[in-house]
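Residue-level listing of the chains:
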Amino acid sequence: MFTNKKILTSLLISCLFLFSSQLFAQEQVEVKGMITDAESGEPLIGVNVIIEGTTSGVVTDYNGQYKLGGLTKNTTLVFHYIGYEEQVATVGDRSLIDIQLTPAVENLETVTVFGESQKDARSITGSVSKVDTKVFTTGTPAGSFDQLLQGQVAGLAVQATGEPGEASQIRIRGNNSLGIRSKDEELSTFNTANEPLYILNGIPITSSVFATINPDDIVEIKVLKDGLSTVEYGTRGANGVIEIKTKRGIVGKTTYNVRYQHTVRPIGGLGGISLMKSPEKLALERELGITNGAGYIYSPRPGDLKPVLDYKAQKYAELEGIDTNWYKELSQVGQVKDLQMSISGGVDDTRYFISANYYDEDGSYKNSWAKRFATRFSLDHNINNRLSVGFDASIARSQRSRSGTSPARLIYTLQPYETLNDTAYVSRKTNVGGVNFENPFDELYNNNNENTTWRLNINPKVTYKVTDDIKVRAEYGIAYAEGENTSVVLANPNGVTERQIKGTISKGESKTLTNRVNLSSDYMKAFGDHFITVAAGMEYINNKNWGFGYNSVGISPKVDPTIGANPQATINNSKYNDALLGFYGRFSYSYKSKYDFTGSVRYDGSSILPKGKQFVGAYGAGVAWDMKAEDFMASNTTFDQLKWRVSYGLNYNSGGIRQTLGMPFYDFTNSNTYRGERIINLVEFYNPDLKFEKTKQWSAAVDFGVLDHRLYGTVEAYIKNTDDLLSNISIPASNGYTSLLQNIGSLQNKGIELTLSGVPIRTDHFRWTSRLNLAYNINEITDLYGQDEIRVGSEGYFKVGEPINSAFVKHWAGVNPVNGQPIYYTPSGEIVQGGNAPQMIGFGTYDHPYTGGLTNIFNYKNLEVSMLFTFAFGGVNYNNLKGTMVQNVKNGEVPFEGFYEEIWLKPGDVKPYPYPKFFSDNTANSLFLEDASYVRIKNVTVRYNLQQYLHLKHVENFMITAQANNLYTFTKYQGIDPEVTGIGQPLLQSYTLGVDVTF
Amino acid sequence: MSLSKPTNLMKNLILFIFFTLTLSACSLIDIDPDNVVSSDKAFDDVIYYQQALNKVYYDLTVPTNNISATDYATDDFSNVIEGYAQMNYFIYLWDYQARPQPTLWNQQYTLIAATNVIIDNYDVVPANNDKELQQKNEIYAQAEALRAWFFFNLTEIYAPHYDGTNGSELAIPLKLKLDREYLPQSTLKEVFDQIDNDLTDAETKLKNFSSSSVDAPYIFGLDAVRALKARIALYKGDYDQARDYSSYFINTDLLDSADYWMLWGDQYGTKNQEVIFMTHNLSDTDQGALLDYHNQYETNNVSLDRSFYNAFESSDVRKKNQYIDPTSRRPQKYLYLADDNNPNDTRMLNYKYFRTAEQYLIYAEASLKSNPEKAKDVVNKLREARGASALTSLQLSDVVAERRKELFQEGLRFYDLKRIAKELGIVVSRPNGTQLVPGDAKYTFDIPIDETNSNPYINE
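Residues numbered from 1 in each chain as written. Chains lettered and ligands numbered in written order. Predicted model: local features only at pLDDT ≥ 70, side-chain atom pairs only at ≥ 80, totals over all residues.

Q: Teacher, can you tell me more about the overall build of chain B here?
A: Along the backbone of chain B there are 17 helices and 9 strands. Judged by the C-alpha coordinates and their principal axes, chain B covers about 115 × 50 × 50 Å. Within chain B, buried positions represent 47% of all 460 residues. (Helix = DSSP H or I, 4+ residues; strand = E, 2+ residues; numbered from the N terminus. Buried ≥ 20, exposed ≤ 12 C-beta atoms within 10 Å, placed from the backbone.)

Structure representation (structure tokens):
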């Protein structure tokens, strides 16, 4: 204790010394700060910060931040940025100089840099939220960048998974479409209809390549939420759009950046569950007479002779003394190594950016890991003042492995009184499915799924200014992705079926080539106070997909099992092409930037629809009123900004529709033959009436800025009506097929979003930045085209007037005190036995109505501390771990601690759990539905710049970073993790140390 | 900022690219899939029309598509346990609501959908000459006849027995085209009229049909259509038609008892002329079929009813351990035990759906009143061939008993009980006390929830 104290004290002293030493350094002053747009508060990248009277200076980085040393108190700095009014500031005693630049040009979108508009015109009337670069550059370990989006944007709900490198589930403003969630697995959507559209530098991508994207390459992510801003994506935009833009160079001195981060992830646990210890487990086995449990085996029985009784008692006592923590035995400490390098720079008319990243994550057990290698190059050049060209290329590989079995799935089948040296594992002989393994590690490593994805993107573009008012732009993009999925089930000599005994392997390879051409032109002209923009263009996207795969039985232990060489493999092949052609136009009118109107239209043709019905039109319109610009507000000092926006848009969603679903197509490739002759059959049953889902959204917002550019905020409300919902539902079996994708009804989502960002405290040396976002979303099925309810599968249930994703479970009524049997309620409140109990809704939904995040960043001189909280309220989660362990007690599996006290044992007992032997019904049960609301301390980061003490030559910054992730979760949920469905991997705590050097 | 004058070349180039792309764009999205084929292309030759028909035959080889699951509802089987094929156990208990429900409905309609592919696309298939036209018509006729057979099966299982007087009772949905439909149940009369029309048309189209003796039993040709017509006529009580159509077969020779093994164990032998229609045995290439078969009989622990077993004369070849296990009394017509003719144990899953022997018995039953002597002769001809003694007199009960002996494990007993239990006073009992009495509602299977859940016109 004493030594600890001593270390702590000396640490504190040295820290104080570090801070105070700077206070005495007088003559050489160093200044840093952040430059933002005065209207929106957004950081500005590439602002020139010049020492007055000289040509030397710096530019702001991707976070809008700059740092300039070697100054004196009298130095004056000039802040210059194209399209903005120049500002000057004298250093004085300050070490922190933040500047808010005011646009100098009435209509910023006319200002272009390397052919790109300085302002996104869509954000004037539409809802376009931006995620800061900082989120991606801090180096928070993320196998997939989407994990970093949680808690960043109001209305963007991200449900993370604990699997390394696995993409999260992302929803913008709720679920637009129908999906069924089963208690055992992650959300299993019947179509991909709920996913937003992801666009990487203009090209559509799928979440399967997320892991190949280097988070540090991302300069901004825009989330398009309303119906108007998504119109330009036409038939793909109804679920919202996520636009990912990667870094381009910053004109100025070449900057080299190298960063290494090391993360350690300690062994976790089962979240809210602690497992039963040996004495209780043994007593439970004795009580219940579980014949394969040691507690029963070593119980005295009538007729036992004295030596037998003695031996049993001794053995029993011995086992009581053993307490193996199986979770710990089966898990390992996870580690993440993350190395990042980049070069950015440019002169005058040329800028470039180069980066490379290597990421290596070891999960909590041997066959759970993720790796990534990614590199990117971008170059922009102004050939002359009319013509700009840009080029961006990236190549990346991600690899990841996911185990089919996790410690969490195994642990309750292993006894606390067994040890690693034991080989009997008596109670596991009744394991579900009847498959046994030599030892638990064999089972843990028995099957895994490996994925390797290569991604190549090349995007050249040309912008040409035809006249001062007319610009023409051509973009071309090619994206190639190659994925290989290998599933291996190792041979298990104790298996039951031939497949289990010999082992199996299946491999699937897919190749996707996307070509995109985008031609656009815009015309911008001011006529006095009137400003008009007309933009028009066309986009063509062509996808080619090839697939090849095989399945084989029999793995030789002599070779790497993933080779899977087997002469009797069955092979499958596929090929699929589709294309999309879109024409779009946008008209905006602005009067003195005070009144804005935007109308937008897109006409999309899709090859997946039958000829003649291929084209679908999307459109939207919006108005904005900058109230602050009115004369009557001129004297108002409360508001720096006050702007109202209203928009309406109609969009479509093509999710789930395939060409072969629209009309009969025949398969000539199957390998079946009859009496030596080929057979052909229908590919799948078809529905000629299929239509795209149609979403109409009203959105209204107010943007405000108060307290002298300290606080910016947006309050936004929306109503989204989706018609022609697509779902794969039952059709009469007399069709010869039992289910078909159909348009089945309508759904309404509505919600309110609040975003606040501001600088509550800003002094000469200290800054506190804070960002809060909060979203509320609810939905309701408004129509099922004549039906009142539709059941899908065992847990899918849609009912008019009810939210989708409602838990559909049996209503637990407790335990019959007379016989210890579980009892349930019927909808009318009567009590029935298990077999007859109907499933019902009314227990909440699996989606949280409230979601959000809170970020706080504190800067003091060279120290930065930031904290991110994420939270979600109001939804439920099915505690499948608890349900499974409790229901399997009768087979000898291990329940939670204290369970013995909570079960019915004799008539008259009033207990929460039934007599375990009577608990066999495994239909979803309200007993295991729990409130999954949570507040998570997602991330705490401390960064400190050591350069001024190290004085390394040429080095600009020498940052050390310490981070803690998933530090603590406040929740009432008693399962693995409130965010994790099924029996998955929890989001574990992790600790990161990193060095970040810029020179 | 002053701009340099745009070069005309650049301007024209950009405009050119823009306009050509815009104009040529519409054809960019007319993508015909490479991996699958639309109806027009798929059936541009009669060869492919045949390949679509092969799909129906192929599907008929699947053991679970076999209507013999209905045997579990009859008095043939006893001692049935739940096993892995619980469905059969629930049929045994006439509990048609228990899950899993009988899959017969779905299977027969899946087969119907496959026949409707052929019927729907008749107009698509070109016929360049008379020969092709005949081929095309014969393929169409087979599809029609097969569909009629599937409708008949569905009616026997899921509708009340049709005796010609209760035509207005509801039967099954008449699924006559491939497209998705929500169909109400048609009446018994409508269904049987459809069956009659289809079979009549098929018979016409097949009148010049011929095929090699090797192929013949695998094709639902003219013989099969006649055999089916005879079967249906018998079940409807139309004895004249039953006799007329079965008379085509009563002169076909039966195997003698020494060669009887060929019927079950020698799929390719030329001596066996007893098979009118069967499917090819795919169990060598498809392990699934073997498992399904195994599940259907072995894990359900099926035994033939003891008194039925004892009713076989000891000389009767049909009682041999090759066909019924003497200790467990398990029916095993499709399981070939190693013997002198066949060195290895094997499963002969080439289902014989229509056999000459059935036609003998149809003829006998249909002419029992009009020509009892001839009826007796025909039955005795069969009995002799099977190693049983000749009957001196012939009652209806004798014919039905003979049908049971000849056709057990082939899915016909349930249909027989349904039409004749009343006349013969047959009551089937289960160990738990439940009974299937003549005219019982349990003779009509419940339409499964796979239909009723989503079909607004059919409620259970």
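From this point, the discussion proceeds with the structure in view.
Q: Please explain the overall build of chain A as it appears in this structure.
A: The secondary structure content of chain A amounts to 12 helices and 52 strands. Projecting the C-alpha coordinates of chain A onto the three principal axes gives extents of approximately 105 × 80 × 60 Å. Burial analysis of chain A (999 residues in total) assigns 48% to the buried set.

Q: Explain the pairing of strand S27 (residues 595–606) of chain A here, please?
A: Within a regular strand, side chains alternate between the sheet's two faces. Residues and elements named next belong to chain A. The pairing of strand S26 (residues 570–591) with S27 spans 12 bridges and is classified as antiparallel. What sits directly across from Ser588, in S27, is Thr598. Counted along the chain from S26 to the antiparallel partner S27, the turn is 3 residues long, and its residue Lys592 has a positive phi close to 55 degrees. (Pairing = 2+ DSSP bridges.)

Q: Please explain the confidence of the model for chain B as it appears in this structure.
A: Note: predicted coordinates in regions of low pLDDT should not be interpreted at a detailed level. Averaged over chain B, the pLDDT score is 88; the fraction of residues at 70 or greater is 90%. Per the prediction output, this complex has pTM 0.82; the corresponding ipTM is 0.91. (pLDDT = per-residue confidence, 0-100.)

Q: What's the story with the nonpolar core in this structure? I'm lost.
A: Proteins that are soluble and globular tend to have nonpolar side chains buried together. Core analysis: the largest hydrophobic core is formed by 178 residues, its most contacted members being B:Tyr49, B:Ala145, B:Ala224, B:Leu228 and B:Ala364. Sorting elements by how many residues they give to this core places helix H6 (residues 130–158) of chain B first, with 14 residues. Within the second largest apolar cluster, 44 residues are counted, among which are A:Ala142, A:Ala157, A:Leu197 and A:Ala211. (Core = buried A, V, L, I, M, F, W, Y, C linked by C-beta atoms within 7 Å.)

Q: Honestly, the sheet that holds strand S16 (residues 241–246) of chain A in this entry has me stumped. Any pointers?
A: Pairing between the strands of a sheet is mediated by backbone hydrogen bonds and can be parallel or antiparallel. Residue and element names in this part refer to chain A. Reading across the sheet, the 5 strands line up as S10-S15-S16-S13-S14 and stay open at both edges, with mixed pairing between neighbours. Of all the strands in the sheet, the pair left with one neighbour each is strand S10 (128–131) and strand S14 (203–205). Strand-to-strand, the axes of this sheet are offset by a mean angle of 25 degrees, without reference to chain direction. Bridge count between strand S15 (residues 218–224) and S16: 6 bridges; the pairing is antiparallel. (Axes fitted to C-alpha atoms, helices over the stretch in contact; angles between N-to-C directions.)

Q: What is the right way to look at the interface of chain A and chain B in this model?
A: Think of interface size as the accessible area that goes away when the parts come together; that is how it is often given. If you look at the interface, chain A gives 55 residues, while chain B gives 52 residues. Secondary-structure elements contributing two or more residues to the side of chain A that touches chain B are strand S22 (447–465), strand S25 (530–553), S26, S27, strand S30 (665–667), strand S32 (677–678) and strand S33 (681–682) of chain A. With 8 residues, S26(A) is the largest single contributor of residues to the side of chain A that touches chain B. By residue class, the composition of the side of chain A that touches chain B is 25 nonpolar, 19 polar and 11 charged. As paired elements, S30(A) and strand S1 (residues 36–38) of chain B share 3 bridges and run antiparallel to each other. (Contact = placed C-beta atoms within 7 Å. Nonpolar A, V, L, I, M, F, W, Y, C, P; charged D, E, K, R; others polar.)

Q: Can you walk me through the pairing of strand S1 (residues 29–37) of chain A in this structure?
A: Residue and element names in this part refer to chain A. With 7 of its 9 residues buried, S1 lies for the most part within the structure. Direction of pairing for S1 relative to strand S4 (residues 65–71): antiparallel, over a ladder of 5 bridges. Among the inter-strand pairings, Val29 is bridged to a residue of S4, identified as Leu71.

Q: Would you take a moment to explain the environment of A:Glu482 for this structure?
A: Relative to the assigned elements, A:Glu482 resides in strand S23 (residues 470–489). Counting along the chain gives 443 residues from A:Glu482 to A:Glu39, while the straight-line C-alpha distance between them is 44 Å.

Q: What is the right way to read helix H8 (residues 222–236) of chain B from this model?
A: Owing to its 3.6 residues per turn, the α-helix aligns residues three or four sequence positions apart on the same side. Residue and element names in this part refer to chain B. With 15 residues, H8 extends 21 Å from end C-alpha to end C-alpha; this agrees with the ideal 21 Å at 1.5 Å per step. Counting buried residues in H8 gives 15 out of 15 residues, a clear majority hidden from the surface. Gly237 occupies a position one or two residues after H8 and carries a positive phi of about 85 degrees. (Expected span 1.5 Å × (residues − 1).)

Q: Whenever I open this one, the sheet that holds S1(B) confuses me. Can you help?
A: Pairing within the open sheet is antiparallel, and its 3 strands lie in the order S33(A)-S30(A)-S1(B). Two strands in the sheet have a free side with no partner beyond their single neighbour: S33 of chain A together with S1 of chain B.

Q: Would you mind going over the confidence of the model for chain A with me for this structure?
A: Residues and elements named next belong to chain A. Taken as a whole, chain A shows an average pLDDT of 84; of its residues, 93% reach a score of 70 or greater. Contacts from residues 7–26, a stretch scored under 50 in pLDDT, to residues over four places away or in other chains number 3 contacts. Low pLDDT (under 50) marks residues 181–191, which in the prediction has 29 contacts with non-local residues, meaning those over four places away or in another chain.

Q: So what exactly am I meant to see when it comes to the packing of helix H7 (residues 188–205) of chain B against H8(B) here?
A: Packed helices, taken two at a time, are described by the angle their axes make and the gap between the axes. Residues and elements named next belong to chain B. Here H7 crosses H8 at 155 degrees, and the two axes come no closer than 10 Å. Overall, the two elements H7 and H8 adopt an arrangement that is roughly antiparallel. Between H7 and H8 the crossing geometry is left-handed. The residues of H8 that touch H7, namely those facing Phe192, Ile195, Leu199, Ala202 and Glu203, are Leu222, Val225, Leu228, Lys229, Ile232 and Lys236. (Parallel < 35°, antiparallel > 145°, perpendicular 65-115°, else oblique. Left-handed = near helix turned anticlockwise from the far one by under 90°.)

Q: Even after reading the chapter, I still don't get unusual backbone geometry, so can you show me in this structure?
A: The general pattern is negative phi for most residues beyond glycine and trans for most peptide bonds. A positive phi angle, near 60 degrees, is found at A:Asn805, a position not held by glycine. Here A:Asn805 shows up in the loop between strand S41 (796–799) and strand S42 (809–815). Its 24 C-beta neighbours within 10 Å are what place A:Asn805 among the buried residues. One non-glycine residue, B:Asn79, lies in the positive phi region at around 60 degrees. Considering the arrangement of structural elements, one finds B:Asn79 in the loop between strand S2 (77–78) and helix H4 (86–92).

Q: Would you take a moment to explain the packing of helix H4 (residues 278–288) of chain A against helix H6 (residues 306–320) of chain A for this structure?
A: Residue and element names in this part refer to chain A. At a minimum axis separation of 8 Å, H4 and H6 run at an interaxial angle of 135 degrees. The orientation of H4 relative to H6 falls into the category oblique. The residues of H6 that touch H4, namely those facing Ser278, Pro279 and Leu282, are Tyr316, Leu319 and Glu320. For the contact of H4 with H6, a count of residues per class yields 4 nonpolar, 1 polar and 1 charged.

Q: Please clarify how the environment of A:Ala618 should be interpreted in this entry.
A: Residue and element names in this part refer to chain A. Tracing the sequence through the fold places Ala618 in strand S28 (residues 615–626). Given 28 C-beta atoms within a 10 Å radius, Ala618 is considered buried. Between the C-alpha atoms of Ala618 and Tyr603, which are 15 residues apart in sequence, the distance is 6.2 Å. In this structure, Ala618 is in contact with Val231, Gly234, Thr235, Arg602, Asp604, Leu650, Asn651 and Tyr652, ignoring residues within four places of it in sequence.

Q: When you look at helix H14 (residues 372–385) of chain B in this model, what are you seeing that I'm missing?
A: All names here are of chain B. Between the first and last C-alpha of H14 there are 20 Å, a value that for 14 residues agrees with the 20 Å anticipated at 1.5 Å per step. Residues Ala375, Lys376, Val378, Val379, Leu382 and Arg383 constitute the buried set of H14. One face of H14 carries all of its buried residues, which in axial projection span an arc of 165 degrees. Structurally, H14 contributes buried residues whose contacts are with helix H13 (356–366) and helix H15 (396–407). Following H14 by one or two positions, Gly387 has its phi on the positive side, about 85 degrees. (Arc of directions from axis to C-beta.)

Q: What am I meant to see in the environment of B:Asn66 here?
A: Residues and elements named next belong to chain B. As for its placement among the helices and strands, Asn66 is situated in the loop between helix H3 (46–60) and S2. Since 24 C-beta atoms lie within 10 Å of it, Asn66 is described here as buried. Non-local contacts of Asn66, meaning those with residues more than four positions away in its chain, are made with Tyr351 and Gly411.

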